[in-house]
Amino acid sequence: MDSQRDRGDGHADAAQAYDYLIVGCGLYGASFARLATDAGFRCLIIDKRPHIGGNCHTENRHGINVHSYGAHIFHTSNKVVWDFVHRFADFNNYVNSPKAFSGDRLYSLPFNMNTFYELWQVHTPDQARERIESQRFRGEPANLEEQALSLVGTDIYTTLIRDYTQKQWGRHPRELPAFIIKRLPLRFTFNNNYFNDRYQGIPIGGYTQLFSRMLEGIEVRLNTDYLEQRNYFDSLAGKTVYTGCIDEFFGHDDGRLEYRSLRFEHALFDYPNHQGNAVINYCDNSVPHTRTIEHKHFENSQSDYTVVTHEYPQDCDSDRIPYYPVNSEQNQNTYARYRDRAAQLPSHIFGGRLSEYKYMDMHVVIESAMNRFRSEQKQADSPVLVS
Ligand code: FAD
Ligand code: UDP
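These notes cover the structure that comes with them.

**Some remarks on the overall build of the chain**
Then, number 1: The helix and strand inventory of the chain stands at twelve helices and 18 strands.
Then, number 2: For 387 residues, the compact-globule formula gives about 21 Å, and the C-alpha radius of gyration of the chain, at 23 Å, lands near that figure.
Then, number 3: For the chain, the C-alpha atoms occupy an extent of roughly 75 × 55 × 40 Å along the three principal directions.
Then, number 4: Buried residues in the chain amount to 53% of all 387 residues.
Then, number 5: A separation of at least 24 residues holds for 70% of the contacts in the chain among residues at least 6 apart in sequence.
Then, number 6: Carbon and sulfur atoms form 46% of the exposed surface of the chain, whose accessible area is close to 18,200 Å².
Then, number 7: Within the chain, the 49 negative side-chain charges are centred at a point lying 3 Å from the centre of the 41 positive side-chain charges.

**Some words on the environment of Arg353**
Then, number 1: Inspection of the secondary structure puts Arg353 in the loop between β18 (348-350) and α12 (362-381).
Then, number 2: Residue Arg353 is classed as partly exposed on the basis of its relative accessible area of 21%.
Then, number 3: Residues Arg353 and Tyr323 lie 30 residues apart in sequence; the distance between their C-alpha atoms is 8.5 Å.
Then, number 4: With sequence-adjacent residues up to four places away left out, Arg353 is seen in contact with Tyr323, Tyr324, Pro325, Lys358, Tyr359 and Met360.

**Describing the packing of aromatic side chains**
Then, number 1: The tally for this structure, following the rule as stated, stands at 32 aromatic pairs.
Then, number 2: With 6.1 Å between their ring centres and 80° between their planes, Phe41 and Phe373 make a pair best called edge-to-face. One end of the pair, Phe41, is in the loop between α1 (27-38) and β4 (43-46); the other, Phe373, is in helix α12, and 332 residues separate them in sequence.
Then, number 3: Classification of Phe41 by relative accessible area gives partly exposed; the value is 27%.

**A short note on the site of ligand 1**
Then, number 1: The environment of ligand 1 is formed by 32 residues, the closest being Asp47, His72, Ile73, Met360 and Met362.
Then, number 2: Taking Leu27, its main chain carries an N or O atom lying 3.1 Å from an oxygen atom of ligand 1.
Then, number 3: Contacts to ligand 1 include Arg353, whose backbone N or O atom sits 2.9 Å from an oxygen atom.
Then, number 4: Within the complex, 96% of the 1,000 Å² of free accessible area of ligand 1 lies under protein.
Then, number 5: Those elements that place two or more of their residues in the shell around ligand 1 are α1 and α12.
Then, number 6: Taken together, the residues of the shell around ligand 1 break down into 16 nonpolar, ten polar and six charged.

Each value, and the rule that gives it
- Residues numbered from 1 in each chain as written.
- Chains lettered and ligands numbered in written order.
- Predicted model: local features only at pLDDT ≥ 70, side-chain atom pairs only at ≥ 80, totals over all residues.
- Heavy atoms only, no water.
- Helix = DSSP H or I, 4+ residues; strand = E, 2+ residues; numbered from the N terminus.
- Rg over C-alpha atoms; globule rule 2.2 N^0.38 Å.
- Buried < 20%, exposed > 50% of the residue type's maximum accessible area, 1.4 Å probe, protein only.
- Contact = heavy atoms within 4.5 Å.
- Areas by Shrake-Rupley, 256 points an atom, 1.4 Å probe, with all protein chains shown as cover.
- Lys, Arg positive; Asp, Glu negative; His and termini not counted.
- Charge placed at Lys NZ, Arg CZ, Asp CG, Glu CD.
- Phe/Tyr/Trp six-rings, centres within 6.5 Å; stacked < 30°, edge-to-face > 60°.
- Near = heavy atom within 4 Å.
- Polar contact = N/O pair within 3.5 Å; in protein donor to acceptor, adjacent residues only side chain to side chain.
- Nonpolar A, V, L, I, M, F, W, Y, C, P; charged D, E, K, R; others polar.

See the structure below:
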């Protein structure tokens, strides 16, 4: 047996005591660890934060599960992913239907017949299409502004998109890629469901409880930064799964990748209902925040209190948490250099939103972990070629 090393903190680490060291206890790391553990591999997860769940983490306050890092609504059309998360939680039938403030008026999201009626008092799909058609951008959209103008025309762009996007990303929509806005449904029906996916809901009891169940039987060490002792941690396992920022892994020596950060201001009120909806967007420049979240409406929690979070986008410096990759051409080129270097490290796997430098929803992160674990298994199963 390998020699044991007592670290003086109750853990006796053996060299390569684990098959996988997993850096990051967010959704990618936890999903990978669950799949690997189920397949008989030994996993250790470390995270520099004091809690599990990464950005999906929730905290119970006065009987309300507060989404600590912004609203998280689970949605997917992938039955395998839906069945996977159901192993760890029951989901309710929550359907995300945010409202949007602009000027002094409230509109429905995503862009649908309700929005068109509120904006133009039109009530048939033909009338709405005619309105949009008369003000559409024609041509191949080269950026977010042109994409939005091409999809919904000037009125919706200036009322609900331009300022929100500027606040969210800290740059003009002309300087952003078109794909960001393509996430939002555009419908000519009276349907306020923000997502088109077949399955949607919130895990009853919160995401932290879901993660606790997902991590059953897996060793997790919190408040532990991989980059402070990377040689030691790498020595513990055959392979390292890294879910932090890829540029940080390489000491930023090929350049810094830009991320957008957020500041969350959580307020507790001693009355039961503040805004009547889980999510309200603020789409003009009269206020600096982009969204307010009233968490109790996600699970219809019964409480005499309510918790409301204001979400303020901000630049990301080294003291702040990186949330969104900023997909400029320059950042993509920098990322491509890191990705190529990462591919040269056979004992490291890079996955998740920060490591793949990609705007990924939760179901996509789980799919990515599943695919990666599957390809790992294929590699292990394939016969060694002897010349
Ligand atoms: P993370 O959750 O960021 O986990 C990475 C973990 O790695 C972190 O816990 C971090 O502390 C740890 N780590 C990093 N570096 C180190 C290190 N050196 N040492 C140790 N640990 C380290 N998706 C949806 O599907 N629906 C939604 O409604 C939705 N809403 C969102 C709202 C906001 C405001 C944001 C920011 C994201 C939202 N998402 C949503 C996306 C969702 O948060 C992500 O898909 C998911 O959390 C990504 O998981 P991850 O494991 O890749 O990353
Ligand atoms: N968006 C907007 N107005 C809104 C909501 C979204 O202009 O009221 C744009 C904005 O550019 C945003 C993008 O659509 O970055 C994607 O929105 P989504 O709600 O999917 O963003 P996320 O929840 O990931 O922050």
